[in-house]
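Analysis of the macromolecular model
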Amino acid sequence: MAGLAILKRIYLAVYNWVVFAGWLQVLYWAVQTLRTSGYEAVYAAVERPLQFAQTAAILEIFHGMFGLVRSPVSATLPQIGSRIYVTWAILWSFPETRTSPIVSSLVLSWSITELIRYSFFGMREAFGITPSFLQWLRYSTFYILYPTGISSEVGLILTALPYVKVSEKYCLRMPNRLNIAFDNYFATLFTLASYIPGSPYMYTYMIGQRAKALAKAKKSA
Amino acid sequence: MLVTVTSRSGKEVVKGGIQLSENATVKDLKASIHKRTGKLYLERQRLSLPLVSGQTRPTVLDGDKRLCDVFPEGSDHIVILKDLGPRVKYSTLFFEYVGPLFIYPMFYFLPLYKFVGLPEKRVIHPVQTYATIYWCFHYFKRIMETFFVHKFSHATSPLSFVFRNCCYYRSFAVFIAYFVNHPYYTPVGETQMYIGFGLGIICQLANFYCHIILKNLRDPKGQGGYQNPRGFLFNYITCANYTTEIYQGLGFNIATQTVVGYSFLVVAAYIMSDWPAFCCLV
């Protein structure tokens, strides 16, 4: 149905550019704050646009599930999962982490990657063009930005660990009628461990995507 | 006839092709391929015809068909061979059940909780003892059925499934055993416990009888092919064996009441609902 296809395209165009605008704010305020106040103040300056832009990305899981986009859920889920985890379960939940310099490297890595990504898809959906420079950026900058981003995520989680243990936040203890318990400290350690297989998986996935995209570009040239 | 055997990329797998009689079947072809390649036993081979324009999925060749019936008129006798990787027989399933059988009682008998900083001495509630017996009996029953009751088709599963399934069974066994035998475990009321275990025992017996019915369906010559089960619960429910399996799990959970126990039930039911070609009328 032509009508449905147009609707999908409008929705994706709007989605991509709105989230792009969010990340633009994050980058702007991060750079501004670093220039004027220093790294301790970066989180406070970017909190709202960061939370908005990052949380909106949850929609992308549904985009993949319902076939709106071609990305497999196996690649989107770990990516979005780790982002949401760091944004809410670490930075928002444990204010002691917010003044770390790692917040700056995290926010810069994330925002630059996402600006390239969302503008790439936004261009494609809204204008039907895929500028080769943008495509090159999208499939090349990850070589640097994935390691810096992932290291920042791991660094922040490590920073939060002692506070996770002491505060007992989000812990569920027994006895209770449902006979369930949850230890946040162990769960955080487990999450850290998941980065060991997870990071190479995501990195090699992008390398594979790059090969596919460049081969396609070569073919159509 | 001469049959050319290629890989999916078009490369010839068996040099010079295979010479077969006019009446040869697909099975004969597979046997010849096995002889020529050495490591590709029959269950590891998937033979299909080359894709015709418009096809997205290849036509897989069935073992008993004659080759002369399988190739379209006037086509070259080309088959495409896919190596399915190491395969295991269905009877290897029993190995997946051994894990839970030994893991669960460890949490009941051994003082493991001190390793997570919990008190060593604990009061053992009757339900915890019954649960251990129930759980172990369940997996013991499954292993016995694998050896003495189930009649498996010649179909096989990929070896990787064994690793995947063992992880699944053992992970849930650890979690469930951990919470049911926990020093701070809160038992349900006595009536609820009896109802739960009662339901569970009845369903396990029913499940066993379903398995007997299914076993008797199979032709003693192992002809294979699907036949509709009749009698007992199969008159009302298509996959009564899966249904009784799910309800016995429900019985266990009613008696023991843990979040992880119920989660296991949901996951298992979801997996089982996928199996039969027609939906399970639970």
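Keep in mind the model is a prediction, meaning the values are calculated, not measured.

**Here we look at the overall build of chain A**
In terms of helices and strands, chain A carries eight helices and zero strands. Mapped in sequence order, the helices and strands of chain A form the string α-α-α-α-α-α-α-α. Taking 221 residues into account, the globule formula puts the C-alpha radius of gyration at 17 Å, and chain A, at 19 Å, falls close to it. The dimensions of chain A, computed from C-alpha atoms along their principal axes, are 60 × 50 × 30 Å. Split into buried and exposed, the 221 residues of chain A put 44% on the buried side. Of the roughly 11900 Å² that chain A leaves accessible, carbon and sulfur atoms contribute 71%. Charge-centre separation for chain A: the mean point of 19 positive side chains lies 13 Å from the mean point of 9 negative side chains.

**Side note on the overall build of chain B**
When you go through chain B residue by residue, the secondary structure sums to eight helices and six strands. When its helices and strands are written in sequence order, chain B yields β-β-α-β-α-β-β-α-α-β-α-α-α-α. Whereas a compact globule of 282 residues would reach a radius of gyration of roughly 19 Å, chain B reaches 25 Å, over 25% beyond that. Overall, chain B is about 75 × 45 × 35 Å in size when its C-alpha atoms are taken along their principal axes. Counting only carbon and sulfur atoms, one obtains 62% of the accessible surface of chain B, whose full area is about 16100 Å².

**Describing the UniProt feature "transmembrane region" (unreviewed entry) in chain B**
All names here are of chain B. Residues annotated by UniProt as "transmembrane region" (unreviewed entry) correspond here to residues 90-111, 123-140, 161-181 and 193-214. Between the first and last C-alpha atoms of residues 161-181 the distance is 30 Å; the span itself is 95% helix and 0% strand. Within the segment residues 193-214, helix and strand shares are 100% and 0% respectively, and the terminal C-alpha atoms sit 31 Å apart.

**Looking at the packing of aromatic side chains**
One pass over the full model with this rule turns up 31 aromatic pairs over all chains. Ring geometry for Tyr178(B) versus Phe179(B): centroids 5.0 Å apart, planes at 90°, classification edge-to-face. Connected via pairs of aromatic rings, a cluster forms that spans Tyr97(B), Tyr104(B), Tyr130(B), Tyr134(B), Trp135(B), Tyr139(B), Tyr168(B), Tyr169(B), Phe172(B), Phe197(B), Phe252(B) and Phe264(B). Residue placement shows Arg117(A) over the ring face of Tyr118(A); its charged tip is 4.8 Å from the ring centre. Between Lys169(A) and the ring centre of Phe94(A), over which it is positioned, the NZ or CZ distance is 5.6 Å.

**Description of the side chain of Thr258(B)**
Relative to the assigned elements, Thr258(B) resides in the loop between α7 (240-256) and α8 (259-273). Of the residues examined, Thr258(B) reaches a relative accessible area of 1% and is grouped as buried. Other than its neighbours up to four places away in sequence, Thr258(B) contacts Leu178(A), Asn179(A), Phe179(B), Val180(B), Tyr185(B) and Asn253(B).

**Some thoughts on a nonpolar patch on the surface**
Residues and elements named next belong to chain A. On the surface, Tyr 11, Ile 58, Leu 59, Phe 62, Met 65 and Phe 66 cluster together into a nonpolar patch covering about 580 Å² of accessible area. By residue number, the principal contributor to the nonpolar patch is helix α3 (residues 59-65), which donates three residues. For Phe 62, the location among the structural elements is in helix α3. We classify Phe 62 as partly exposed; its relative accessible area is 37%.

**Some thoughts on the interface of chain A and chain B**
Contacts between chain A and chain B engage eight residues on the former and ten residues on the latter. Both faces combined, the contact of chain A with chain B buries some 830 Å², and carbon together with sulfur accounts for 62% of it. The interface formed by chain A and chain B includes zero salt bridges.

**Quick notes on the nonpolar core**
Core analysis: the largest hydrophobic core is formed by 35 residues, its most contacted members being Trp23(A) and Val86(A). Mapped onto this core, the elements with two or more residues apiece are α1 (2-36), α2 (42-56), α4 (73-92), α5 (102-127), α7 (142-167) and α8 (184-220) of chain A. Broken down by element, this core gets its largest block of residues, seven residues, from α1(A). Apart from residues no more than four positions distant in its own chain, Val86(A) is found in contact with Leu91(A), Leu106(A), Trp110(A), Glu153(A), Leu156(A), Ile157(A) and Tyr195(A). Within the second largest apolar cluster, 31 residues are counted, among which are Leu101(B), Leu118(B), Trp135(B) and Phe172(B).

Criteria and cut-off values
- Residues numbered from 1 in each chain as written.
- Chains lettered and ligands numbered in written order.
- Predicted model: local features only at pLDDT ≥ 70, side-chain atom pairs only at ≥ 80, totals over all residues.
- Heavy atoms only, no water.
- Helix = DSSP H or I, 4+ residues; strand = E, 2+ residues; numbered from the N terminus.
- Rg over C-alpha atoms; globule rule 2.2 N^0.38 Å.
- Buried < 20%, exposed > 50% of the residue type's maximum accessible area, 1.4 Å probe, protein only.
- Areas by Shrake-Rupley, 256 points an atom, 1.4 Å probe, with all protein chains shown as cover.
- Lys, Arg positive; Asp, Glu negative; His and termini not counted.
- Charge placed at Lys NZ, Arg CZ, Asp CG, Glu CD.
- UniProt positions renumbered as here; feature names shortened; annotations may be inferred.
- Phe/Tyr/Trp six-rings, centres within 6.5 Å; stacked < 30°, edge-to-face > 60°.
- Lys NZ or Arg CZ within 6 Å of the ring centre and 35° of its normal.
- Contact = heavy atoms within 4.5 Å.
- Patch = residues over 30% accessible without salt bridge, like charges linked within 9 Å, V, L, I, M, F, W, Y side chains within 5 Å.
- Salt bridge = Lys/Arg side-chain N within 4 Å of Asp/Glu carboxyl O.
- Buried area = accessible area lost by both parts, 1.4 Å probe.
- Core = buried A, V, L, I, M, F, W, Y, C linked by side-chain atoms within 4.5 Å.

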